[in-house]
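Spelled out from the first residue to the last, the chains are:
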Amino acid sequence: MSEVLDNLLYSEEHEWAQQGEGRTVRVGITDHAQHLLGDIVFVEFPEVGAALSAGDSVGSIESVKTVSELYSPVSGTVTRINDALEASPELINDQPYSGGWIFELEITGEFAEVTSGLLDAAAYGKLIEE
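- An unreviewed UniProt entry annotates the protein chain as Glycine cleavage system H protein of Paenibacillus helianthi.
- Its UniProt record gives the protein chain a comment under Sequence similarities (unreviewed entry), which states: "Belongs to the GcvH family."

Written out as structure tokens, the structure reads:
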């Protein structure tokens, strides 16, 4: 069974968003998504400085099975990527909610407003049970 953390918000495309300090939001893919993908071998990141809208395709994740699009769950400007994934993309498999985060954004509005379209842990849990 996939792990779903209560302190995160989730998109229907299986990305998670976590509120950081100030207006920072950290983004990654869920435990469920990494299980479906299998062994991850490459991550294509969004460009630092890129302005993203919620739902934008921002990169891809390549596994031994397939290539999957990566979407931004919220709108904002990319401020940082997880450089560790360039050498060790398998961190997403091993630590999807900690060391396997993918990028950070700076949002322009309040966190609650920017994330209003995302699912809480209970709703995401129901989504992946279907």
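Don't stop here, the text continues.
Observations concerning the sheet that holds strand β7 (residues 67-71)
For step 1, the next point in the chain: Pairing within the open sheet is antiparallel, and its three strands lie in the order β4-β6-β7. Unpaired on one side and paired on the other, β4 (40-44) and β7 mark the two borders of the sheet. Within this sheet the neighbouring strands show an average axis-to-axis angle of 25°, counted without direction.
For step 2, the next point in the chain: With four bridges connecting them, β4 and strand β6 (residues 57-63) associate as antiparallel partners. Within β6, the position partnered with Ile 40 by the bridge is Ser 63.

Some words on the UniProt feature "modified residue: N6-lipoyllysine" (unreviewed entry) in the protein chain
For step 1, the next point in the chain: When the UniProt feature table is mapped onto this chain, "modified residue: N6-lipoyllysine" (unreviewed entry) is found at Lys 65.
For step 2, the next point in the chain: With respect to the secondary-structure elements, Lys 65 resides in the loop between β6 and β7.
For step 3, the next point in the chain: Relative accessible area serves as the criterion here: at 60%, Lys 65 is assigned to the exposed category.
For step 4, the next point in the chain: Among all residues touching Lys 65, those that are not within four sequence positions of it are His 35, Leu 36, Leu 37 and Gly 38.

As for the side chain of Ser 11
For step 1, the next point in the chain: Structurally, Ser 11 is set in the loop between β1 (9-10) and β2 (15-19).
For step 2, the next point in the chain: A residue is classified by how much of its surface remains accessible, and Ser 11, at 4% relative accessible area, is buried.
For step 3, the next point in the chain: Among residues more than four places away in sequence, those in contact with Ser 11 are Pro 73, Leu 118 and Tyr 124.

Side note on helix α5 (residues 121-129)
For step 1, the next point in the chain: Taken as a whole, α5 has its buried residues at Ala 121, Tyr 124, Gly 125 and Ile 128. Down the axis of α5, the buried side of the element spans an arc of 105°, and every buried residue falls inside it. Across from the buried face of α5, at angles greater than 90 degrees, the exposed residues are Ala 122, Lys 126 and Glu 129.
For step 2, the next point in the chain: Elements that come into contact with the buried residues of α5 comprise β1 and α1 (31-37).
For step 3, the next point in the chain: Backbone nitrogen of Ala 122 and a side-chain oxygen of the N-cap are separated by 3.3 Å at the start of α5; the cap is Asp 120.

Conventions adopted
- Residues numbered from 1 in each chain as written.
- Predicted model: local features only at pLDDT ≥ 70, side-chain atom pairs only at ≥ 80, totals over all residues.
- Heavy atoms only, no water.
- UniProt positions renumbered as here; feature names shortened; annotations may be inferred.
- Pairing = 2+ DSSP bridges.
- Helix = DSSP H or I, 4+ residues; strand = E, 2+ residues; numbered from the N terminus.
- Axes fitted to C-alpha atoms, helices over the stretch in contact; angles between N-to-C directions.
- Buried < 20%, exposed > 50% of the residue type's maximum accessible area, 1.4 Å probe, protein only.
- Contact = heavy atoms within 4.5 Å.
- Arc of directions from axis to C-beta.
- Polar contact = N/O pair within 3.5 Å; in protein donor to acceptor, adjacent residues only side chain to side chain.

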